[in-house]
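# Structural overview
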Amino acid sequence: GVGEFWATRLNAAGEIVWQRYFGGTNNDRAHSVVQATDGGFVIAGFTESDDFDISESNGSYDFWGLKIDAKGDKVWERTYGGSGIERANAIEKTADNGYIIVGNSNSTDGMISNNHGSSDIWAVRINDAGKIEWERTYGGTDFEDAAHIVATPEGNFLITGNSKSNDNDLSENQGENDIWVLKINASGEVIWQKIMGTEGMDLGFGALQTNSGEQVFVCGEVENATNFTKDAVIINLK
């Protein structure tokens, strides 16, 4: 196809043990992977296909979750989405051996229960068989996207993304595009959210909470709105 998931397992010396391709005739992209408790792996990305390894299509682009075993053989695959565009960017394991996939969605139907406008952050929690346990959207009337999700020591999750909105789930907007960090619980409810940025195009790439729970570090990129230069940034949220 146009593009496929490519999974490659390396040994400790960096030598290829095996490699596998997964996908259909259209555009399929893998963005994130976590190891399952049974030694397999769950890969998250998105697909435009509805054939070969993809059992069904909900619309234009769907989240695509794919589980493979330790040898790279397919265990299961599922698509998640509506009639619009969904793109999954990250996956994290949950304490009960399930997973949360995050990315963005602009659909107003299908598996998406709510749309705030334009594109929202979409979080989908699945069990170890890939079945949806819950899904939630976060955002405002403009464009939002999630780039990263990580579990915190107490069992919550930090989602790092970007936002152009200043309404609905967003308390403010600093400029063209802001770094947006949300802390959610295991049910997807927002514990807190924080907007950070300048007047330019700012992007959030990831976050990490310390084991003590006293600090959260956020990494991203900020843009000078005058000369459009960009700098890497690390933000400490105490």
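Scroll up to find the structure this text is about.
These numbers come from a predicted model, not from an experiment. (Residues numbered from 1 in each chain as written. Predicted model: local features only at pLDDT ≥ 70, side-chain atom pairs only at ≥ 80, totals over all residues. Heavy atoms only, no water.)

A few words on the nonpolar core. By size, the foremost hydrophobic cluster in this structure holds 16 residues, and its most contacted members are I100, V102, I121, Y138, I149, I159 and W180. Contributing elements (two or more residues each) for this core: β8 (99–105), β9 (120–126), β10 (132–138), β11 (144–151), β12 (157–163) and β13 (178–184). Excluding residues within four positions of it along the chain, I121 makes contact with G103, N104, R136, T137, Y138, E144, D145, A146, I159, W180 and L182. In terms of nonpolar packing, the next biggest core, distinct from the first, is built from 15 residues, V42, F63, W76 and Y99 among them. (Core = buried A, V, L, I, M, F, W, Y, C linked by side-chain atoms within 4.5 Å. Buried < 20%, exposed > 50% of the residue type's maximum accessible area, 1.4 Å probe, protein only. Helix = DSSP H or I, 4+ residues; strand = E, 2+ residues; numbered from the N terminus. Contact = heavy atoms within 4.5 Å.)

What follows is about the sheet that holds strand β6 (residues 74–80). Within the open sheet, the four strands sit side by side as β3-β4-β5-β6. Their pairing is antiparallel. The outermost strands of the open sheet, each flanked by one partner alone, are β3 (28–35) and β6. Neighbouring strand axes in the sheet, compared pairwise and without regard to direction, differ in orientation by 20° on average. As paired elements, β3 and strand β4 (residues 41–47) share seven bridges and run antiparallel to each other. Along β4, the bridge assignment pairs V33 with I43. (Pairing = 2+ DSSP bridges. Axes fitted to C-alpha atoms, helices over the stretch in contact; angles between N-to-C directions.)

Moving on: the layout of surface pockets. Put simply, the largest pocket is a space of about 190 Å³. Considering the residues around the largest pocket, the lining is formed by W6, A7, T8, R9, W18, A30, S32, V33, F41, I43 and I68. Listed by contribution, the elements that provide at least two residues to the lining of the largest pocket are β1 (5–10), β3 and β4. Of all the elements, β1 adds the most residues to the lining of the largest pocket, at four residues. The residue makeup of the lining of the largest pocket, split by class, is eight nonpolar, two polar and one charged. (1 Å grid on protein atoms, 1.4 Å probe; cavity = no way out; pocket = protein on both sides within 12 Å on 5 of 7 lines; lining within 4 Å. Points joined across faces, edges and corners; volume = space filled by probe spheres on them. Nonpolar A, V, L, I, M, F, W, Y, C, P; charged D, E, K, R; others polar.)

Okay, the packing of aromatic side chains next. In the structure shown here, the tally under the stated rule is four aromatic pairs. With centroids separated by 5.5 Å and ring planes inclined at 75°, the aromatic side chains of F46 and Y61 adopt a geometry described as edge-to-face. Of this pair, F46 sits in strand β4 while Y61 sits in the loop between β4 and β5 (62–68), placing them 15 residues apart in sequence. With relative accessibility at 6%, the residue F46 sits in the buried group. (Phe/Tyr/Trp six-rings, centres within 6.5 Å; stacked < 30°, edge-to-face > 60°.)

Along β13, seven of the seven residues are buried, which leaves the element largely enclosed by surrounding structure. Side chains D178, W180, L182 and I184 project from β13 onto one buried face, and the interleaved I179, V181 and K183 project onto a second face that is buried too. With seven bridges joining them, β12 and β13 adopt antiparallel strand pairing. What sits directly across from I159, in β13, is L182. In this sheet, strand β14 (residues 190–196) lies alongside β13 in antiparallel orientation, the contact comprising six bridges. Within β14, the position partnered with I184 by the bridge is V190. Here β13 folds back onto β14 in antiparallel fashion, the turn holding five residues, of which G188 has a positive phi close to 90°.

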